[in-house]
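If you want the building blocks of each chain, they are given just below.
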Amino acid sequence: MSRHEHGQHKDEQQERAQQDHDRSGGEEHAHDDGHDGHQGHHEHGAMIADFRRRFWVSVLLTVPILLLSPLIQSFLGLTEVLGFAGDEYALLALSTAVFLYGGWPFLTGLLSELRAGAPGMMTLIALAITVAYGYSAAVVLGLEGKVFFWELATLVDVMLLGHWVEMKSIMGASSALESLVQMMPDRALRLDASGETEEVPISALRSGDRVRVRPGEKVPVDGAIVEGKTSLNESMLTGESRPVEKGEGDEAVGGAVNGEGSITLEVRKTGADTYLSQVIETVRQAQASRSRTQDLADRAAAWLTYIALSAGVITLASWLVVGYAFDFALERMVTVMVVTCPHALGLAVPLVVAVSTSLAAGRGLLIRDRAGFERARKLEAVVFDKTGTLTAGRFGVRGIVSLGELDEDELLRLAAGLEARSEHPIAQGIVEAAKNKQLQVPEAAEFENLAGRGAQAQIEGRLIRAVSPGYLQEQAITVDDDALAELREGGKTLVYLLDGERPLGAIALADLVRDESREAIARLKGMGIDCLMLTGDAEAVAKSVADALGLDDYFAEVVPDEKAKRIEAVQRGGRIVAMVGDGVNDAPALVQSDLGIAIGAGTDVAVESADIVLVESDPRSVADVIALSRATYGKMVQNLFWATGYNAVAIPLAGGVAYGAGILLSPAVGAALMSLSTVIVAINAKLLGR
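Residues numbered from 1 in each chain as written. Predicted model: local features only at pLDDT ≥ 70, side-chain atom pairs only at ≥ 80, totals over all residues. Heavy atoms only, no water.

A. Molecular detail of the confidence of the model for the protein. Of the residues in the protein, 78% reach a pLDDT of 70 or more, and the chain-wide mean stands at 78. A low-confidence stretch, residues 1-38 stays under pLDDT 50, and its non-local contacts, those more than four residues away or across chains, total 92 contacts. Every residue in residues 601-606 is under pLDDT 50, and counting partners more than four places away or in other chains gives 15 contacts. (pLDDT = per-residue confidence, 0-100. Contact = heavy atoms within 4.5 Å.)

Set out below in structure tokens:
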């Protein structure tokens, strides 16, 4: 199955994500998934403060309510001491204040849910406190029965406390995203035409402006260094823990922390186009996007709401039928409705999503599609592009063969002297090898490129040529050596060194296999995943890399148009497949795969064909993606199990099935258990970071 089929609902999901809010219902619990991160964060903080304030006021009012309640007075033996004429009206007044002030978020939440046609947790709480208050008020005004004022007050207290603690947990889960937002400085030092600096808001910068970044400051926007040299700490942006050396011509990313040097940047990108802004938006979209697990939780929460309402009515009727008093039956109904609130169930998945997405962003893994990320846990095979993914994309010397008078170091020294004048990747590999050996590289004169065949120059009085096998064929120069034949068969690229037309020796080069690739393949195999490679290189080159890394299989000499067909062939074998590539010539294969993972170093993060972007071009991150996907799914399952398992036990107890054994839950105890389950779900989600 291709990702076309998996992704066909992506647009619909994104539209729904814009309307997505906290499963616990109502405007009071709207998540920070809007376009303005700071505003959403501040609104969330204000809501936490509001719940905290309502909780403490309600607690203060609950103290005299408890002292004036007949049941509490009788229990304490203080009826004569605390009772006074008209105390029931004082109790009604205090309880009215708690009901209206403390219960206000739940009453408004009820209206919001009913307007949306989706009764949920707020509906259950609001109905429970309204029934308890209305019945108790009617008793004070003359109806026969027992008041529930102290139960009402303690229920409101516990619900407010649970919401306060829960919302703090939600804010903690989303704090990594807020920290990304706060990474970008608000102001910058812009240089004018005379070279003087002026402090301006970031919003005033335009492409082409020049800004000064002093030691220790944050880079204000994406740009290129035009003056100075320094090291930049990009750990929060890319996951790379070590500072990166940067100089003139290098790119600097907004939000990175400048090291010891003062640099001048030319602004390249501003606003929403900057790398950090793209990261933030990608994280927001991923946190807002809905997954199949979330849909399951939503359906369960909706059903739980209807079950709670039905169970409440059945509980009331059942106790009345068997002959118990109305006040007893009413208390059972209220407890059932409170206990069944689908709060924990509604938060089970969104909190894990928020934590996992923020964790991924902090490690340089940008999740563009939640459904794709969830599929990562099921992967059975990973297909890697070769060049730039498993290999470094640059040549290194892998062998030197002398054909007579010169030793290997002398051959390398002469070749480096010639190739030092060339920009070709093979030439750079030879020069780097000479530098690593600390050889004294000679000066070259009269340098000349031999189009498509190599180069030549005068070195130490001799005409030295570095040429390809094709040049030897053209000039009918024969070189016969077993060592050279072995290198050719191993997929190495050979450069022959000539003195005039006389062969001196040959240097074998190959695209360097990255050390990180070896670790990545070992980790993936340890996870039970097959590792394959896809490349346009020749069979011998592909086999050499595959053998070096211990790959399970490889496809060589594959043109870009055929890459998707190769992925499809692996899928037809019944395996769930990921493709890892650069997102450009590998785009068809990335789309065809069940999970497309794009290598995207620097600021190239918007690879449209991929589900996940690896900011650092590190193949080890593929194993990180799979491990995080598996851990995330595990947390979701744990939370769903806890939320549903809690209700399976709590609802019968709340209804009074264990009454004969002396176990009877009050509404306040039910509310405490419900809030506890919510807090446990929130804590379990945050433990994903460990």
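What follows continues from the structure just given.
B. Representation of the nonpolar core within the structure. Counting residues in each nonpolar core, the largest one holds 47 residues, and the members touching the most others are V382, F384, L524, L551, L614 and V622. The leading source of residues in this core is helix α15 (residues 343-362), at 8 residues. With near-sequence residues (within four places) excluded, L551 lies in contact with L390, I521, K525, C531, M533 and A546. M122, Y133, V147 and L160 belong to the second-largest nonpolar core, a separate cluster that totals 43 residues. (Core = buried A, V, L, I, M, F, W, Y, C linked by side-chain atoms within 4.5 Å. Buried < 20%, exposed > 50% of the residue type's maximum accessible area, 1.4 Å probe, protein only. Helix = DSSP H or I, 4+ residues; strand = E, 2+ residues; numbered from the N terminus.)

C. Quick look at the sheet that holds strand β8 (residues 257-258). A sheet is described by the order of its strands in space; here 3 strands give the open sequence β6-β5-β8, paired in antiparallel fashion. Of all the strands in the sheet, the pair left with one neighbour each is β6 (244-246) and β8. Pairing between strand β5 (residues 230-233) and β6: 3 bridges, direction antiparallel. Counted as the bridge partner of T230 is K246 from β6. (Pairing = 2+ DSSP bridges.)

D. The arrangement of the packing of helix α18 (residues 408-419) against helix α19 (residues 425-436) in detail. Taken N-terminus to C-terminus, the directions of α18 and α19 make an angle of 130°; their axes are 8 Å apart at the nearest point. Taken together, the axes of α18 and α19 are oblique relative to one another. When the axes of α18 and α19 are compared, the crossing they make is left-handed. Contacts between α18 and α19 involve L412, A415, A416 and E419 on the former and, on the latter, A427, I430, V431, A433 and A434. Among the residues making up the contact of α18 with α19, the classes are represented as 8 nonpolar, no polar and 1 charged. (Axes fitted to C-alpha atoms, helices over the stretch in contact; angles between N-to-C directions. Parallel < 35°, antiparallel > 145°, perpendicular 65-115°, else oblique. Left-handed = near helix turned anticlockwise from the far one by under 90°. Nonpolar A, V, L, I, M, F, W, Y, C, P; charged D, E, K, R; others polar.)

E. Structural view of the UniProt feature "transmembrane region" (unreviewed entry) in the protein. Per the UniProt record, "transmembrane region" (unreviewed entry) is annotated on residues 55-77, 89-111, 123-141, 147-165, 300-325, 345-366, 640-662 and 668-688. Helix makes up 96% of residues 89-111 and strand 0%, with an end-to-end C-alpha separation of 29 Å. Helix and strand shares over residues 640-662 are 70% and 0% respectively, and the end C-alpha atoms of the span are 30 Å apart. (UniProt positions renumbered as here; feature names shortened; annotations may be inferred.)

F. Region of the structure containing the pairing of strand β21 (residues 595-599). For β21, a buried count of 5 out of 5 residues is recorded, marking the element as mostly surrounded by other parts of the structure. Residues L595, I597 and I599 of β21 are buried on one face, and the alternating residues G596 and A598, pointing to the opposite face, are buried as well. Of the pairings in the sheet, the one linking strand β20 (residues 577-581) to β21 comprises 4 bridges and is parallel in character. The residue of β21 that forms the bridge with G581 is A598.

G. Spatial organisation of the side chain of S356. When you line up the elements, S356 lands in helix α15. Residue S356 is classed as buried on the basis of its relative accessible area of 0%.

H. View of the pattern of salt bridges. Counting across every chain of the model gives 27 salt bridges. The partner of K563 in a salt bridge is D385, with the nearest N and O atoms 3.6 Å apart. Linking K563 in helix α24 (residues 560-572) with D385 in strand β11 (residues 381-385), this pair joins segments that are 178 residues apart in sequence. An identical accessibility class is assigned to K563 and D385; each is buried. Here E519 makes a salt bridge to R620, at a shortest N to O gap of 3.2 Å. (Salt bridge = Lys/Arg side-chain N within 4 Å of Asp/Glu carboxyl O.)

I. Structural view of the packing of helix α6 (residues 87-102) against helix α7 (residues 104-115). Two elements in contact, α6 and α7, have axes separated by 5 Å at closest approach and are oriented at 50°. Put simply, α6 runs oblique to α7. Between α6 and α7, the contacting residues are F99, L100, Y101 and G102 on the first element and W104, P105, F106 and L107 on the second. Looking at the contact of α6 with α7 residue by residue, the class counts come to 7 nonpolar, 1 polar and no charged.

J. Examining the packing of aromatic side chains more closely. What the rule picks out here adds up to 10 aromatic pairs. Summarising the aromatic geometry, the rings of Y133 and F149 are spaced 6.5 Å apart at their centres and angled 55° between planes, so their arrangement reads as tilted. Placement of Y133 in helix α8 (residues 121-140) and of F149 in helix α9 (residues 149-173) is noted, with a sequence separation of 16 residues between them. Assessed through its relative accessible area of 16%, Y133 is described here as buried. Relative accessible area serves as the criterion here: at 1%, F149 is assigned to the buried category. Measuring from ring centre to ring centre gives 4.9 Å for W319 and Y324, while their planes differ by 85°; the resulting arrangement is edge-to-face. Ring pairing ties together the aromatic residues W319, Y324, F328 and Y659, which thus form one cluster. We note R54 situated over the ring of Y101; from NZ or CZ to the ring centre the distance is 4.7 Å. Over the ring of Y633 we find R377; its NZ or CZ atom is 3.5 Å from the centre of that ring. (Phe/Tyr/Trp six-rings, centres within 6.5 Å; stacked < 30°, edge-to-face > 60°. Lys NZ or Arg CZ within 6 Å of the ring centre and 35° of its normal.)

K. Spotlight on the sheet that holds strand β3 (residues 210-213). Reading across from one edge, β2-β1-β3-β9-β4-β7 is the order of the 6 strands in this open sheet, with antiparallel pairing throughout. Each having just a single partner strand, β2 (197-201) and β7 (251-252) make up the two edges of the open sheet.

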